[in-house]
Amino acid sequence: MKPKLPPNEGWGRIAPAPPADGKRLTEVPRIGLVLSSGGARGLAHIGVLQVLEENNIPICALAGCSMGAYVGGLWAAGLSIEKLGIRAAEIKDRQALKSLLDFAFPPAKGLVYGEKIRQHLERDLKGLTFDCLRIPTMIVATDLESLQAHVFKTGNVARAIHASAAIPGVCVPVEWEGRRYTDGGACEPLPVSLMREQFDVDHVIAVNVMPPPEEAFSRREDPALHRPSWLRRLFYTLIRPINLLADGNVLDTFRRALMSAQLRLIAKEATTADVLIQPRFGHSRWYDFENFENYIAAGRRAALEALPKIQSLVHQPTQSTHHESVPPLTQVGIDAA
């Protein structure tokens, strides 16, 4: 059964401006926001959220997968856009990223456990559960027992995000209540259909940060992205024979095979969204978190391009018969200051 969503009055409970023709809306449409998987590219979600906030686009429900769950979960918990940017800036180089990796030994189930990342999340979430989030939120992971998508809508938010972002082959699967979970991007990288199934929304805005097939493994460098120094490139060349993530090695082959399925799923789901926001980055890697400024800027540009379509959704009158009025959400969670 779909949960009842509160009357949506926009960001900060400010109703959007009426259309230019002066007609009054019978009801502000309920708009769901879907944030895709995509590794470091998912930092573009911050730029999208910034544009939505600036333009008082009313979002009444959120769905996130993998990095989309990470960014979306923190935002739904009350972190401001400014604070999200600060968190992104903390991963300023590869050394900072490595400090968050707790390497597994022996690496039979994965290369890293992911517990340090979950603890990093808890620094802000502080044990919050889904019922404390400021809007109804779902986080998607892959259930390795049923081989289907699992929707988290209750329980500890940080643990759900950890499960959703546990990259197959890299992260040890998350064990929870007798089941094993891995990255939601393996089965639902852009969960538009699940959003419509789980929440009573009129429209869905989907943000896809995954690249199109022709750009997924392109060698064309984006001049905006920082390139590693010649010394670092030499180091990676020397360790290539034993680097499982290097091009052509086992985890790279696995990632390419997984991405081939993901891109087809995304193409199908994207057609069911009312508005698709798709930032463009050129060549990038899933672990390029040091390029956070460029990813956030790309998300902002893409959202601004889609803004006219988004605003047209807001000003479409809707039938109010299928929505029951419930009290406004209690603003509990994180101090966004």
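Use the structure listed above.
Residues numbered from 1 in each chain as written. Predicted model: local features only at pLDDT ≥ 70, side-chain atom pairs only at ≥ 80, totals over all residues. Heavy atoms only, no water.

1. Some words on the overall build of the protein
Right, on to step 1. Looking only at helices and strands, the protein features 11 helices and 8 strands.
Right, on to step 2. In the protein, once contacts between residues fewer than 6 apart in sequence are set aside, the share between residues at least 24 apart is 78%.
Right, on to step 3. By element, 57% of the accessible surface of the protein is carried by carbon and sulfur atoms, the whole surface being about 16,100 Å². (Helix = DSSP H or I, 4+ residues; strand = E, 2+ residues; numbered from the N terminus. Contact = heavy atoms within 4.5 Å. Areas by Shrake-Rupley, 256 points an atom, 1.4 Å probe, with all protein chains shown as cover.)

2. Notes on the nonpolar core
Right, on to step 1. By size, the foremost hydrophobic cluster in this structure holds 68 residues, and its most contacted members are Leu-33, Leu-43, Phe-152, Ile-205 and Ile-277.
Right, on to step 2. Broken down by element, the residue count for this core peaks at 11 residues, all from helix 11 (residues 292-314).
Right, on to step 3. The contact partners of Leu-33, leaving out residues within four places of it in the chain, are Leu-49, Leu-52, Ile-59, Ala-61, Leu-62, Ala-63, Met-195, Ile-205 and Val-207.
Right, on to step 4. One finds Val-34, Met-195, Leu-263 and Ala-273 within the second-largest nonpolar core, a separate group that totals 20 residues. (Core = buried A, V, L, I, M, F, W, Y, C linked by side-chain atoms within 4.5 Å. Buried < 20%, exposed > 50% of the residue type's maximum accessible area, 1.4 Å probe, protein only.)

3. As for the side chain of Gln-262
Right, on to step 1. Note on placement: Gln-262 falls in helix 10 (residues 250-270).
Right, on to step 2. Take Gln-262: its relative accessible area is 9%, and that puts it in the buried class.

4. Here's the deal with the pairing of strand 6 (residues 179-183)
Right, on to step 1. Alignment of strand 3 (residues 137-143) against strand 6, held across 3 bridges, turns out to be antiparallel. Directly across from Asp-143, in strand 6, lies its bridge partner Tyr-181.
Right, on to step 2. The pairing of strand 5 (residues 174-176) with strand 6 spans 3 bridges and is classified as antiparallel. Within the sheet, the bridge partner assigned to Val-174 lies in strand 6 and is Tyr-181.
Right, on to step 3. Taken together, strand 5 and the strand that follows it, strand 6, pair antiparallel across an intervening segment of 2 residues, in which Glu-177 is found at a positive phi of about 50 degrees. (Pairing = 2+ DSSP bridges.)

5. Observations regarding helix 2 (residues 67-76)
Right, on to step 1. Among the 10 residues in helix 2, 10 count as buried, and that is most of the element.
Right, on to step 2. Within the span of helix 2, buried status applies to Met-67, Gly-68, Ala-69, Tyr-70, Val-71, Gly-72, Gly-73, Leu-74, Trp-75 and Ala-76.

6. Concerning unusual backbone geometry
Right, on to step 1. A cis amide bond links Phe-105 with the next residue in sequence, Pro-106, at an omega value of 0 degrees.
Right, on to step 2. By secondary structure assignment, the location of Pro-106 is in the loop between helix 4 (94-98) and helix 5 (115-125).
Right, on to step 3. A positive phi is found at Ser-66, a non-glycine position, where the angle reads about 55 degrees.
Right, on to step 4. Among the residues examined, Ser-66 registers a relative accessible area of 6% and is labelled buried.
Right, on to step 5. Even without a glycine there, the phi angle at Lys-126 is positive, about 50 degrees.
Right, on to step 6. Its location among the elements puts Lys-126 in the loop between helix 5 and strand 3.

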